[in-house]
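Observations on the three-dimensional arrangement
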There are 2 protein chains.
Amino acid sequence: MYKIEKIENQKLSGVCLSEGFYADGMSAGLKPNGDKDLAFIYSDVVCELASVFTTNKMAAAPIHHAKGVTQTNFIVINSKNANAMTGKYGIEDLEEIVSSLTQKFSTLHNPLMSSTGVIGVRLPKDKIIQKASEFDLSVKNSLNASHAIMTTDAFNKEIAFKISLDNGDVFNIGGIAKGAGMINPAMATMLAFITTDAKIEQSKMQEILNDVNKMTFNAASVDGDTSTNDTVFLMSSAKSNVTIDSSNEKMFAHALNLVMDFMAKALVRDGEGATKLVTYKIRGAKDNIEAEKVAKTLSNSLLIKTALYGEDPNWGRLAMSIGASGVACDETKLTISYDDVVLYEKGVNLFNDEIEVLAGNVMKQAEFDITCDLGMGEGSFDAYGCDLGYKYVEINADYRT
Amino acid sequence: MYKIEKIENQKLSGVCLSEGFYADGMSAGLKPNGDKDLAFIYSDVVCELASVFTTNKMAAAPIHHAKGVTQTNFIVINSKNANAMTGKYGIEDLEEIVSSLTQKFSTLHNPLMSSTGVIGVRLPKDKIIQKASEFDLSVKNSLNASHAIMTTDAFNKEIAFKISLDNGDVFNIGGIAKGAGMINPAMATMLAFITTDAKIEQSKMQEILNDVNKMTFNAASVDGDTSTNDTVFLMSSAKSNVTIDSSNEKMFAHALNLVMDFMAKALVRDGEGATKLVTYKIRGAKDNIEAEKVAKTLSNSLLIKTALYGEDPNWGRLAMSIGASGVACDETKLTISYDDVVLYEKGVNLFNDEIEVLAGNVMKQAEFDITCDLGMGEGSFDAYGCDLGYKYVEINADYRT
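Residues numbered from 1 in each chain as written. Chains lettered and ligands numbered in written order. Predicted model: local features only at pLDDT ≥ 70, side-chain atom pairs only at ≥ 80, totals over all residues.

Description of the overall build of chain A
Short version of the rule: Numbered from the N terminus, helices here are DSSP runs of H or I no shorter than four residues, and strands are runs of E no shorter than two. All radius of gyration figures rest on C-alpha atoms, and the globule criterion is 2.2 Å times the number of residues raised to 0.38. Here, residues touch in the contact sense if the C-beta positions derived from the backbone fall within 7 Å of one another.
On a plain count of helices and strands, chain A comes out with 11 helices and 15 strands. A compact globule built from 401 residues would reach a C-alpha radius of gyration of about 21 Å, and chain A, at 22 Å, matches this within 12%. Sequence-distant contacts in chain A: of pairs separated by 6 or more residues, those separated by 24 or more amount to 79%.

Printed below as a string of C-alpha cells:
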C-alpha cells in the first residue's frame, strides 16, 4: 500500500519536487510585453527519457531533433515561436542554440528543445542564446518555468505528487504543461514535462507513458486540431530509493495517471475561451474503439460545443452526432443523461419543463458529465471536452498579432 | 451543342420551370412568427425519382419513409421540426399526414415528406394536416416554397436553367434548397429538391445524381456535422422532347452540376454567420482521395475558420492542418497561395509586409480561393468552406428557443 499527497503551485513542486531536478523561467524578449518566454529543466544526473510526440506529418524541428533520444538531462523550452515549417533553417537554429548551451554548461548531456507558438517564422535564436547563457542551473523554480511555457493559456498548469510507501520509502512525480488551442484527440497536443525520481527502466517507463497517455491527453479535445509541436517528456533521475518493477508498476502508473489526468483536464478547462469542462462518458458501445469514436465526435462537435456554451440541454444534437459518428447505434436503445438527469431514454423523450430546469442547473456548473449509453454492448470511453463561445473566436481570429 | 440560360428568383423558376411541376409555400403556424413553414412540390404526372440521403445512423422518420421509393409526384415539406429521434411516433405521424393528403387529393402517387428543424420533438401533425388540406395544386410559386423550407437560412436558395439544343428542342432543370448549419462533407447535409422535364431512366438519373453530388454537396462544409435529415430529391416529369441517353448524358450532368454547384455554394455562403466563401483547391496530392481528405480537413478546421473570419493570412495553420490530416506531405514540397498571392513555396516562407497586405486584400473579398499544392502527385479536389465568427456562436448557443 502507499499514500499519495498532492503538491501544487509552489517553487518546489511541478518538475522540481522530484530529487535532482532544477528549473526556471525568464523573459528573453520573445513576448513583446516582457512576460516570461524561456524556461529550462535540468537534472544533475543523466536521466532516462520517455516521450510521446505529435502525429502531425508537418512535425516541427524540435520533434525531429528529439525523436529517438532516450537519455538527457536538459530541456530548453521557448514560447511564442513554434519553430515549425522552418525547414533546414529550423533544425540549424535549434542545433546552434543547443550547441551554445553545451559549450556554456559542461554538465549537459543530449540537451533537447521544445517550442510552441506561431508557425512558419524562424526562431529569434540570438535572443534565446543570449538569455540562455545566463541560466542558473542551481535554481529550483518550477512555477517560473510553468509560466514561461504559456502561450494563449489563461493560467499555468503545474502539479506534483509525493508517494509514500508503507516501508517509509518515498518517490516523487510531477510536471508542468501548456495547452489552450489546438488541443485534439488525435494525440497529446500540448507540451508537458514530467519528472520523477523513481528508478525505472526506460522501456518500462515508455510503455507506461503510452498507456496513460491514451486515457488522458489523447482523451482531451478543445478544437480538434493537432499541432505540429505536441510533446510529452517524462524524465527519471532515479534518485529515490524506490525501484519500479513488475511488482509495483501499477503504483507508478497510478501516480503518472494522476499527473497527466490533472494536466489533461486543466488543458481542456483552459481551452481558448472555455467556460465548462465536460466529461463525455460513453457506455454500452459495441466495443471500446466505437466508444472512443463517439466520445471524440461529441467532444469535437461545434453544434454541441456551442449548445454547451448557451447552457442549452439540446440532447438532439448529441443523438445527431452519435449517428453521424458512424458507430452501431439505435435510437430505441440510446439513453442520454446530464449528470443524473435523464433526458432521453431508449426511444422516449423525457424532456419537459421540469427536466429542462434540472438539466439547465447541471449545465450551469463549471464541470459536469454527459453520459450516453448506446445499449449496443460493453464498450466504454471517457473524453474531456469544453464549450465554445465568443472568446474562442476573439482569440483565434487574429492570433498572430 | 446546346445553350444554357439561367433563371432565378421568379415564381416560374426553381422547381416550377420544368414542365408539369407546381409548388407553393405557406404558414401552418409551426414558426411562431408566422413565417412560411409548409411547402409542397407536385407534378401532374408520376415522376421518376432519384435520391441521396444522409449517412447519419440516426436518420429521421422521413428518410426511412422515402428510402427505396423511385416514383412519386408529390413532396410535402415542413420546417421548424425535423421529426428526428421520434421513433415509431415519428413514422406514425408522417404516415397520418401522408394518408390525409392521399385522401384529399386523388391524383397523388406515393407522396413523400421532408422535414427540417429541431430534433426529438413530435411533429405538430394536426397543424400540418389542417393547412395541407388547403393546398392548391394548380399554383406555380417556387419562390414561396423556397422560403417555407428555410430554418436559420439568411436567404432562400432557388435556381433553374433552360437548356436549348441546336435542333430547337428545350428541357429545363431547377430546384430549391435550404441549408445553413449542420453542413458537412460526409454527405449532402441539407434539403434540396430538383425537378427536370428531361426524359431519363431512373437508374441513369440516380447514377448521374450520385456523381454530381460528390463534387457539389459533398464538397461543402459549414460545421462538420451531418444532420439526421439531409436529402436530395431529383424528379423527372419527362414532359420535354429531350431524351437523355448515353449520347447526351454529359449535357444532363452538366446542367445538374450547375444547379447543385450553385446550391452548394449558396449553402456555404449562408453558413450560420458566415461572411466568406472559400474554395480550397488541393493540388498535387498523392491521389484524389488524399486531396479530398486534405480539402475537408482544412474546410472543417476551427483554427482556419476563425483565421478566415479575422482576415488573418495565417498560412501556418493550413500547413498544420495538412500535416494533421495524415496524408503524404513534405514541407519542402508544399506551396500555399491565397488567390494569386503565394505565401509559402516549397519550404520557403515568402511572408513579409508586402505579401501580408496583398494576402489581406484577397481575404477581404466575399469569395476567394486557397490553393495548396502538396507536390506529391497528381491528386486534386475542390471543397467549399466558410469562416466562423461570433454570429455562429450566437445562432447555435440557444437554437431551440
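Next comes the rest of the description.
What to know about the domain arrangement of chain A
Applicable threshold: Residue ranges labeled as domains rest on an automatic or database domain assignment.
In terms of domain boundaries, chain A breaks down into domain 1 (2-269) and domain 2 (277-397). Relative placement of domain 1 of chain A and domain 2 of chain A: their C-alpha centres are 33 Å apart.

Some words on the environment of Ser27(A)
Residues and elements named next belong to chain A. For the record, the criterion: Burial is judged by counting the other C-beta atoms within 10 Å of a residue's own C-beta: 20 or more makes it buried, 12 or fewer makes it exposed, and any count in between marks it as partly exposed, with every C-beta position built from the backbone.
Topologically, serine 27 is positioned in the loop between β2 (21-26) and β3 (38-53). Overall, serine 27 belongs to the partly exposed group, with 15 C-beta atoms counted inside 10 Å. Discounting residues that sit within four places of it in the chain, serine 27 has contacts with Gly34, Asp35, Lys36 and Asp37.

Considering the nonpolar core
Heads up, the rule is: Throughout this description, the term nonpolar core refers to a group of buried Ala, Val, Leu, Ile, Met, Phe, Trp, Tyr and Cys residues whose C-beta atoms join them within 7 Å.
Of all hydrophobic cores here, the largest spans 256 residues; its most connected members are Val259(A), Ala319(A), Val259(B) and Ala319(B). Once you skip the residues sitting within four places of it in the chain, Ala319(B) turns out to touch Met58(A), Met85(A), Ile119(A), Gly120(A), Glu331(B), Leu334(B), Ile336(B) and Tyr344(B).

Some thoughts on the environment of Lys296(B)
Residues and elements named next belong to chain B. If you trace the backbone, lysine 296 turns up in helix α7 (residues 288-300). Judged by local crowding, lysine 296 falls into the buried class, with 23 C-beta atoms found within 10 Å. Placed 256 residues apart in sequence, lysine 296 and phenylalanine 40 show a C-alpha to C-alpha distance of 34 Å.

Some words on the sheet that holds strand β12 (residues 341-345) of chain A
All names here are of chain A. Applied cut-off: If DSSP finds at least two bridges between two strands, the strands pair. Between N-to-C directions, angles span 0 to 180 degrees; the directions come from axes that are lines fitted to C-alpha atoms, helices contributing only their stretch in contact.
Pairing within the open sheet is mixed, and its 6 strands lie in the order β13-β12-β11-β14-β10-β15. Edge positions in the sheet fall to β13 (348-349) and β15 (379-386), since each has one partner strand and no second. Bridge count for β12 against β13 is 2 bridges, and the pairing is antiparallel. Looking at the pairing, glutamate 345 lines up with valine 348 of β13. Its contacts with the sheet place helix α7 (residues 288-300) against β10 (277-285), β14 (367-373) and β15, and it is angled at close to 15° to β15.

Details of the pairing of strand β9 (residues 231-236) of chain A
Residue and element names in this part refer to chain A. With respect to burial, β9 is a largely interior element, 6 of its 6 residues being buried. Where burial is concerned, the two faces of β9 agree: the one with Thr231, Phe233 and Met235 and the one with Val232, Leu234 and Ser236 are both buried. Pairing analysis gives 6 bridges linking β3 to β9, with the strands arranged antiparallel. Its bridge partner lying in β9, glutamate 48 is registered against serine 236. Bridge analysis of strand β8 (residues 191-196) against β9 gives 6 bridges, and the strand direction is parallel.

A word on the packing of helix α8 (residues 302-309) of chain A against helix α9 (residues 315-324) of chain A
Residue and element names in this part refer to chain A. Spelled out, the test is: Working definition: roughly parallel below 35 degrees, roughly antiparallel above 145 degrees, roughly perpendicular at 65 to 115 degrees, and oblique for all remaining angles. Handedness of a crossing is defined here by the sense of rotation of the near helix relative to the far one, left-handed for an anticlockwise turn of less than a right angle and right-handed for a clockwise turn. Three categories are distinguished: nonpolar for Ala, Val, Leu, Ile, Met, Phe, Trp, Tyr, Cys and Pro, charged for Asp, Glu, Lys and Arg, and polar for the others, with Gly belonging to the last.
Relative to each other, α8 and α9 sit at 160°, their axes nearing to 9 Å. Between α8 and α9, the angle falls in the class roughly antiparallel. When you trace α8 past α9, the crossing you get is left-handed. Taking contact as the criterion, the partners of Leu303, Ile304 and Ala307 in α8 are, on α9, Arg317, Leu318 and Ser321. Along the lines of polarity and charge, the residues of the contact of α8 with α9 split into 4 nonpolar, 1 polar and 1 charged.

Looking at α9(A)
Along α9(A), 10 of the 10 residues are buried, which leaves the element largely enclosed by surrounding structure. Three or more residues of α9(A) are buried, namely Trp315(A), Gly316(A), Arg317(A), Leu318(A), Ala319(A), Met320(A), Ser321(A), Ile322(A), Gly323(A) and Ala324(A). Looking at the buried residues of α9(A), the elements they touch are α7, α8, β11 (335-338), β12 and β14 of chain A together with β5 (112-118) of chain B.

Looking at the pairing of strand β4 (residues 71-81) of chain B
Residue and element names in this part refer to chain B. By the criterion of burial, β4 is predominantly enclosed, with 10 of the 11 residues buried. Relative to β4, strand β3 (residues 38-53) runs antiparallel, the two being bridged by 7 bridges. Counterpart to tyrosine 42 in the pairing with β4 is phenylalanine 74.

Focus: unusual backbone geometry
Even without being a glycine, Glu311(A) presents a positive backbone phi close to 50°. Locating Glu311(A) in the fold gives a position in the loop between α8 and α9. The class of Glu311(A) is partly exposed, set by 18 C-beta atoms lying within 10 Å. The phi angle at Lys346(B) is positive, at roughly 45°, despite the residue not being glycine. Within the element layout of this structure, Lys346(B) appears in the loop between β12 (341-345) and β13 (348-349).

Considerations on the environment of Ala59(B)
All names here are of chain B. Within the secondary structure layout, alanine 59 lies in the loop between β3 and α1 (61-66). Judged by the 20 C-beta atoms lying within 10 Å of it, alanine 59 is buried. Those residues in contact with alanine 59 that sit more than four places away from it in its chain are Phe53, Thr54, His64 and Thr228.

Quick look at the packing of helix α5 (residues 202-215) of chain B against helix α6 (residues 249-269) of chain B
Residue and element names in this part refer to chain B. Their axes nearest at 10 Å, the elements α5 and α6 cross at an angle of 45°. By the angle class used here, α5 and α6 are oblique. In this structure, the crossing between α5 and α6 has a hand that is right-handed. When α5 is examined against α6, the residues Lys204, Ile208, Leu209, Asp211, Val212 and Asn213 are found in contact with a partner set consisting of Glu249, Phe252, Ala253, Leu256, Asn257 and Met260. Taken together, the residues of the contact of α5 with α6 break down into 7 nonpolar, 2 polar and 3 charged.

Here we look at the confidence of the model for chain A
Residue and element names in this part refer to chain A. So the rule is basically this: Each residue carries a pLDDT value, the predictor's own confidence for that position, ranging from 0 to 100.
Looking at chain A, pLDDT values average 91 and 94% of them are 70 or higher. Across residues 182-189 the pLDDT falls below 50, and counting only partners more than four positions away or on other chains, this stretch makes 44 contacts in the model. Scored as a complex, the prediction yields pTM 0.83 and ipTM 0.80.

Section: the sheet that holds strand β14 (residues 367-373) of chain B
All names here are of chain B. Taking strand neighbours across the sheet as the criterion, the 6 strands line up as β13-β12-β11-β14-β10-β15 in an open arrangement whose pairing is mixed. Across the chains shown, the open sheet's two edge strands, defined by having one partner strand only, are β13 and β15 (379-386). Lying on the sheet, α6 is in contact with β10 (277-285) and β15; it crosses β15 at an angle near 45°. Against the sheet, α7 contacts β10, β14 and β15, and its axis sits at roughly 15° relative to β15.

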